[in-house]
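Here are the chains, one letter per residue:
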Amino acid sequence: MPRPGWDEYFMEITHLVAKRSTCLRRQVGAVLVKEKNILATGYNGAPSGVAHCLDVGCLREQLNIPSGERHELCRGLHAEQNAIIQAAKHGTNIDGATLYCTTMPCIICSKMIINAGIRRIVYEGGYPDELAGEMIRASGVQVEKFAAAGK
């Protein structure tokens, strides 16, 4: 088995992180990396100390909200938000970092990514949020869709 490149290595880790997700709709993982070192990780789910959707049900499902809309109507935080918050909580400088994420960030996460100084996003799956893509492109943050070797 060939040794994975750095993008493949970190993207595989995002899949492991995503397994901690408590979201009933989509399991997302995020990893912040700088100079080939993991700075913080995050997955989507309710804030610490708050009941998880796994336990109380999905508010978005109950309200029939489509994916990519009305982000504020959700009990959970996105994986990218949790990774940025974990870095801040522990005093970790993420300026210039790369964000690896199983899904392209939404508009709320994109604004946080831009202001946090993250310079590169490597993502695997798309997300239905055109404004996020436009804002990321306008900011100069480098965006790459990851494609595993052989796929």
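See the structure shown above.
Notes on the structure in this doc start here. (Residues numbered from 1 in each chain as written. Predicted model: local features only at pLDDT ≥ 70, side-chain atom pairs only at ≥ 80, totals over all residues. Heavy atoms only, no water.)

**Points about helix H1 (residues 6-18)**
Next, step 1: Its 13 residues give H1 an end-to-end C-alpha distance of 19 Å, which sits within 8% of 18 Å, the value for a rise of 1.5 Å per residue.
Next, step 2: Contact partners of the buried residues in H1: strand S1 (29-34), strand S2 (37-43), strand S3 (98-103) and strand S4 (120-125). (Helix = DSSP H or I, 4+ residues; strand = E, 2+ residues; numbered from the N terminus. Expected span 1.5 Å × (residues − 1). Contact = heavy atoms within 4.5 Å.)

**A short note on the nonpolar core**
Next, step 1: Membership of the largest hydrophobic core comes to 22 residues, with the highest contact counts inside it found for Leu32, Ile94, Leu99 and Ile118.
Next, step 2: Those elements that place two or more of their residues in this core are S1, helix H4 (79-89), S3, helix H5 (107-116) and S4.
Next, step 3: Per element, the largest residue contribution to this core is 4 residues, and it comes from H4.
Next, step 4: Leu32 has contacts with Asn37, Ile38, Leu39, Ala40, Ala83, Ile84, Ile94, Ala97, Thr98, Leu99 and Ile118, leaving out every residue within four places of it along the chain. (Core = buried A, V, L, I, M, F, W, Y, C linked by side-chain atoms within 4.5 Å. Buried < 20%, exposed > 50% of the residue type's maximum accessible area, 1.4 Å probe, protein only.)

**Side note on the pattern of salt bridges**
Next, step 1: Counted under the stated rule, the structure contains 4 salt bridges.
Next, step 2: The closest approach of N and O atoms between Arg120 and Asp7, which form a salt bridge, is 2.7 Å. Of this pair, Arg120 sits in strand S4 while Asp7 sits in helix H1; the two residues are 113 residues apart in sequence, bridging distant segments of the chain.
Next, step 3: Taking the relative accessible area as the measure of exposure, Arg120 reaches 16% and is therefore buried.
Next, step 4: A residue is classified by how much of its surface remains accessible, and Asp7, at 22% relative accessible area, is partly exposed. (Salt bridge = Lys/Arg side-chain N within 4 Å of Asp/Glu carboxyl O.)

**A few points about the packing of H4 against H5**
Next, step 1: One way to put it is that H4 packs onto H5 with a least axis distance of 9 Å and a crossing angle of 30°. Taken together, H4 and H5 sit at an angle that is classed as roughly parallel. The handedness of the crossing between H4 and H5 comes out as left-handed. Contact with H4, carried on its side by Glu80, Gln81 and Ile84, involves Ile108, Cys109, Met112 and Ile113 of H5 and no other residues of that element.
Next, step 2: A breakdown of the residues in the contact of H4 with H5 according to their chemical character gives 5 nonpolar, 1 polar and 1 charged. (Axes fitted to C-alpha atoms, helices over the stretch in contact; angles between N-to-C directions. Parallel < 35°, antiparallel > 145°, perpendicular 65-115°, else oblique. Left-handed = near helix turned anticlockwise from the far one by under 90°. Nonpolar A, V, L, I, M, F, W, Y, C, P; charged D, E, K, R; others polar.)

**Examining the side chain of Ser21**
Next, step 1: In this structure, Ser21 sits in the loop between H1 and S1.
Next, step 2: Under the relative-accessibility criterion, Ser21 is labelled buried at 8%.
Next, step 3: One polar contact links Ser21 to Asn44, side chain to side chain, over a distance of 2.7 Å.
Next, step 4: In contact with Ser21, not counting residues within four places along its chain, are Arg26, Gln27, Val28, Tyr43, Asn44 and Leu54. (Polar contact = N/O pair within 3.5 Å; in protein donor to acceptor, adjacent residues only side chain to side chain.)

**Re the side chain of Gln81**
Next, step 1: Within the fold, Gln81 resides in helix H4.
Next, step 2: Apart from the residues lying within four places of it in its own chain, the contact partners of Gln81 are Ile108, Cys109 and Met112.

**Side note on the packing of H5 against helix H6 (residues 130-139)**
Next, step 1: Two numbers describe how H5 lies on H6: the axes approach to 8 Å, and their chain directions differ by 15°. By the angle class used here, H5 and H6 are roughly parallel. Where H5 crosses over H6, the handedness of that crossing is right-handed. Contact residues: H5 offers Ile107, Ser110, Lys111 and Ile114, while H6 offers Leu131, Ala132, Met135, Ile136 and Ser139.
Next, step 2: Tallied by class, residues from the contact of H5 with H6 come to 6 nonpolar, 2 polar and 1 charged.

So far we have only geometry, and geometry alone does not tell us how the molecule works.
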